[in-house]
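Given next are the chains, with one letter for each unit.
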Amino acid sequence: MKRRLFDPGSHTGPASLGLLLLRLGFGLSMALGHGWGKLRSFGELAATFPDPLGIGSRLSLMGAIGGEFVCPLLLALGLGTRLAAIPAAFTMGVAVFVIHAADPFAKQEKALLFLVAFAALVFTGAGRYSLDAKLGK
């Protein structure tokens, strides 16, 4: 299991550089632009956060913080990339298809772009410029 979890994929230098840019750009944008605010405001948001999965507002917020802050930071580092991309993609899927389902495409677009980027990382791995590559050696 360890080998698969930290498998960065077999990519050339230029492809790995592209994956590094993808991980840093989308991972840090999500973590700093969306997840950090939720983490900082946890106390104020916990009772009123949307509960699209029926697990309670507090657990929904914790899941959103995991998918929008913790996992994207792991993606930026390239640590457990394939596994970390799954909750990040799931969170964006909930945002697109549940939270913003009735909204116009312009409102759904950002979450959809994050969803596509995170889903791509599930299949590609982190590339050779990552902690996955270092740990996998």
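Heads up: the structure comes first, above all this text.
None of these values were measured; they are calculated from a predicted model. (Residues numbered from 1 in each chain as written. Predicted model: local features only at pLDDT ≥ 70, side-chain atom pairs only at ≥ 80, totals over all residues. Heavy atoms only, no water.)

Q: I'd like a rundown of the overall build of the protein chain, residues and numbers included.
A: Within the protein chain one finds seven helices and zero strands. Listing every helix and strand of the protein chain by position from the N terminus yields α-α-α-α-α-α-α. Here the C-alpha radius of gyration of the protein chain, 15 Å, is about what a compact globule of 137 residues would show, namely 14 Å. Overall, the protein chain is about 45 × 30 × 25 Å in size when its C-alpha atoms are taken along their principal axes. Taking all 137 residues of the protein chain together, the buried fraction comes to 39%. Restricting the contact set of the protein chain to residue pairs at least 6 apart, pairs at least 24 apart contribute 71%. For the protein chain, the accessible area works out to roughly 7600 Å², and carbon and sulfur atoms hold 70% of it. (Helix = DSSP H or I, 4+ residues; strand = E, 2+ residues; numbered from the N terminus. Rg over C-alpha atoms; globule rule 2.2 N^0.38 Å. Buried < 20%, exposed > 50% of the residue type's maximum accessible area, 1.4 Å probe, protein only. Contact = heavy atoms within 4.5 Å. Areas by Shrake-Rupley, 256 points an atom, 1.4 Å probe, with all protein chains shown as cover.)

Q: Which residues make up the packing of aromatic side chains, and what values do they have?
A: One pass over the structure, following the stated rule, counts three aromatic pairs. Ring geometry for Phe26 against Phe114: centres 5.5 Å apart, planes inclined by 90°, an arrangement best described as edge-to-face. Taken together, the residues Phe26 in helix H2 (residues 13-40) and Phe114 in helix H6 (residues 105-124) connect sequence positions 88 residues apart. Residue classification places Phe114 among the buried positions, given a relative accessible area of 7%. Consider the rings of Trp36 and Phe69, whose centres lie 5.7 Å apart with planes at 35°: the pair is tilted. With a gap of 33 residues between them, Trp36 in helix H2 and Phe69 in helix H4 (residues 57-77) connect regions that are remote in the sequence. Given a relative accessible area of 38%, Trp36 falls into the partly exposed group. Take Phe69: its relative accessible area is 14%, and that puts it in the buried class. (Phe/Tyr/Trp six-rings, centres within 6.5 Å; stacked < 30°, edge-to-face > 60°.)

Q: Lay out the pattern of salt bridges with the relevant residues and their values.
A: Scanning the model with the defined rule gives one salt bridge in all. For Glu68, the salt bridge is made with Lys38, and the minimal N-O distance between the two is 2.8 Å. Here the residue Glu68 occupies a position in helix H4, and Lys38 occupies one in helix H2, the gap between them amounting to 30 residues. Summarising the burial analysis for this pair, Glu68 and Lys38 share the class buried. (Salt bridge = Lys/Arg side-chain N within 4 Å of Asp/Glu carboxyl O.)

Scope: geometric values only; no functional claims are made or implied.
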